[in-house]
Amino acid sequence: MQRKAVNYLLIYAVLMSVWFVAQQHLMSCGLTSSQVMSLSGASMFGLIVLSWVRFRKLPQRKSVKWLVASVISGIFIAECLISATEKYGAELGANSMGLAPVFAVFIGMALLKERPGILGIFGILIVVGGIYALHMKTDLTGGLIAPLQSMWGPWLWYTLVLGLAAGLGLVVGKPCVILTDPLMAPGIQLFLGFGVYGVVRGLVTNELLALNLRLGLMELLLLVLLFMSFGIANWAQAELYRYTAAASVGALKRLYTPLTVLLAWIVFGQQANLFPLLIGSILVFIGALAITADKPKEFPK
């Protein structure tokens, strides 16, 4: 993988960890999950404007079907994340999102005729294993199957639907970027799928205008970070599509997970399970190295 791709990956991982930590703190201060999605999605309108200013062109006709599919997947992701966060907490959402690269391998083979090589498949599986390890408990309550137990029962539906929707979003996002540009594609997907949908959902459920956020200087700063980090991070992800297969992008994205745990521990003193953090981070790093060394069969640029 080229050095520029590594730079985009680091930008994405750092800014998404900032977004997750800001989201968790703001929700603990009274912000609802619908409001988080609305604010985050609204930031993507800036990417659409920047795309128009820079390229002065509308999406091609052959990109429309991919853009529609990406918006639909974005709505499913937003709804599952909102519902799951409200019912089960943010940690379980991270568990299920870790399955997205696995689904993306098969969806990518079916829709784009692309597939990671042997190193890429190995790397994706190692990354998923690392995400699994990050959600183990240091007291070994539930043992090695604790993360799996957290996904079982009623949560299993969210796990499968969210993993499938996120995997589909990864795959259809690539032709969107190739046929438009790295600003327009994520801008349309997440502005409509997260922003507009979050506003409509919030109005229907009366959550959007029920603002109970306790605002201090820290919360104002985090609102700005929430708004800005989401858009820039998703632009960086879109740039990554130019360098590797969609499923590999999905696995590389998971570098933000150990960074999020570490950042929450450093900034807000949130309890971190150091042993799972160490093991999970090592596995995610090894998997990322394998993916960057891979030469996948890709969707034609």
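Up top is the structure these notes are about.
Rules used in this analysis
- Residues numbered from 1 in each chain as written.
- Predicted model: local features only at pLDDT ≥ 70, side-chain atom pairs only at ≥ 80, totals over all residues.
- Heavy atoms only, no water.
- Helix = DSSP H or I, 4+ residues; strand = E, 2+ residues; numbered from the N terminus.
- Buried < 20%, exposed > 50% of the residue type's maximum accessible area, 1.4 Å probe, protein only.
- Contact = heavy atoms within 4.5 Å.
- Areas by Shrake-Rupley, 256 points an atom, 1.4 Å probe, with all protein chains shown as cover.
- Axes fitted to C-alpha atoms, helices over the stretch in contact; angles between N-to-C directions.
- Left-handed = near helix turned anticlockwise from the far one by under 90°.
- Nonpolar A, V, L, I, M, F, W, Y, C, P; charged D, E, K, R; others polar.
- Phe/Tyr/Trp six-rings, centres within 6.5 Å; stacked < 30°, edge-to-face > 60°.
- Salt bridge = Lys/Arg side-chain N within 4 Å of Asp/Glu carboxyl O.
- Parallel < 35°, antiparallel > 145°, perpendicular 65-115°, else oblique.

Helix and strand counts for the chain stand at 14 helices and zero strands. Listing each helix as α and each strand as β along the chain from the N terminus yields α-α-α-α-α-α-α-α-α-α-α-α-α-α. Expressed as a percentage of the 301 residues in the chain, the buried residues total 51%. Put simply, 89% of the contacts in the chain that link residues at least 6 apart link residues at least 24 apart. Of the roughly 13,900 Å² that the chain leaves accessible, carbon and sulfur atoms contribute 72%.

The next thing to look at is the packing of helix H2 (residues 33-42) against helix H10 (residues 184-204). The interhelical angle for the contact between H2 and H10, taken along N-to-C directions, is 145°, at an axis separation of 7 Å. The crossing of H2 and H10 is left-handed. Residues Ser-34, Met-37, Ser-38, Gly-41 and Ala-42 of H2 form the contact with H10, whose participating residues are Leu-190, Phe-191, Phe-194, Gly-195, Gly-198, Val-199, Arg-201 and Gly-202. Split into classes, the residues belonging to the contact of H2 with H10 amount to six nonpolar, six polar and one charged.

The phi dihedral of Lys-113 falls on the positive side, at around 60°, and the residue is not glycine. Mapping Lys-113 onto the fold places it in the loop between helix H6 (100-111) and helix H7 (118-134). For Lys-113, a relative accessible area of 56% gives the class exposed.

Now for the side chain of Ser-229. In this structure, Ser-229 sits in helix H11 (residues 217-240). Those residues within four positions of Ser-229 in sequence are excluded, and the remaining contacts are Leu-15, Val-18 and Trp-19.

On to the packing of aromatic side chains. Here the structure, examined in full by the defined rule, presents eight aromatic pairs. Ring centres of Trp-19 and Phe-20 lie 4.9 Å apart, and the angle between their planes is 80°; on these two criteria the pair is classed as edge-to-face. Take Trp-19: its relative accessible area is 4%, and that puts it in the buried class. Following the ring pairs from residue to residue traces out a cluster consisting of Tyr-12, Trp-19, Phe-20, Phe-194, Phe-230 and Tyr-256.

Now for the pattern of salt bridges. One pass over the full model with this rule turns up three salt bridges. Glu-79 is paired through a salt bridge with Arg-201; the nearest N and O atoms lie 2.7 Å apart. Separated by 122 residues along the polypeptide, Glu-79 in helix H4 (residues 64-88) and Arg-201 in helix H10 bring together distant segments of the chain. Of the charged contacts in the structure, one is a salt bridge between Glu-239 and Arg-242, with a shortest N-O distance of 3.4 Å. Given the relative accessible area of 10%, Glu-239 is considered buried. For Arg-242, a relative accessible area of 35% corresponds to the partly exposed category.

With that settled, consider the packing of helix H1 (residues 3-28) against helix H13 (residues 256-268). Here H1 crosses H13 at 50°, and the two axes come no closer than 8 Å. Comparing their axes, H13 and H1 come out oblique. Here the hand of the crossing between H1 and H13 comes out right-handed. Contacts between H1 and H13 pair Tyr-12, Ala-13, Val-14, Met-16, Ser-17, Val-18, Phe-20, Val-21, Gln-24 and His-25 from the former with Tyr-256, Leu-259, Thr-260, Leu-263, Ala-264 and Phe-268 from the latter. Residue composition of the contact of H1 with H13, by class: twelve nonpolar, four polar and no charged.

Its location among the elements puts Leu-183 in the loop between helix H9 (155-179) and H10. Between the alpha carbons of Leu-183 and Val-49 there is a distance of 8.7 Å; along the sequence they are 134 residues apart. Contacts of Leu-183, omitting those with residues within four sequence positions, involve Leu-47, Ile-48, Leu-50, Ser-51, Arg-54, Phe-55 and Trp-235.

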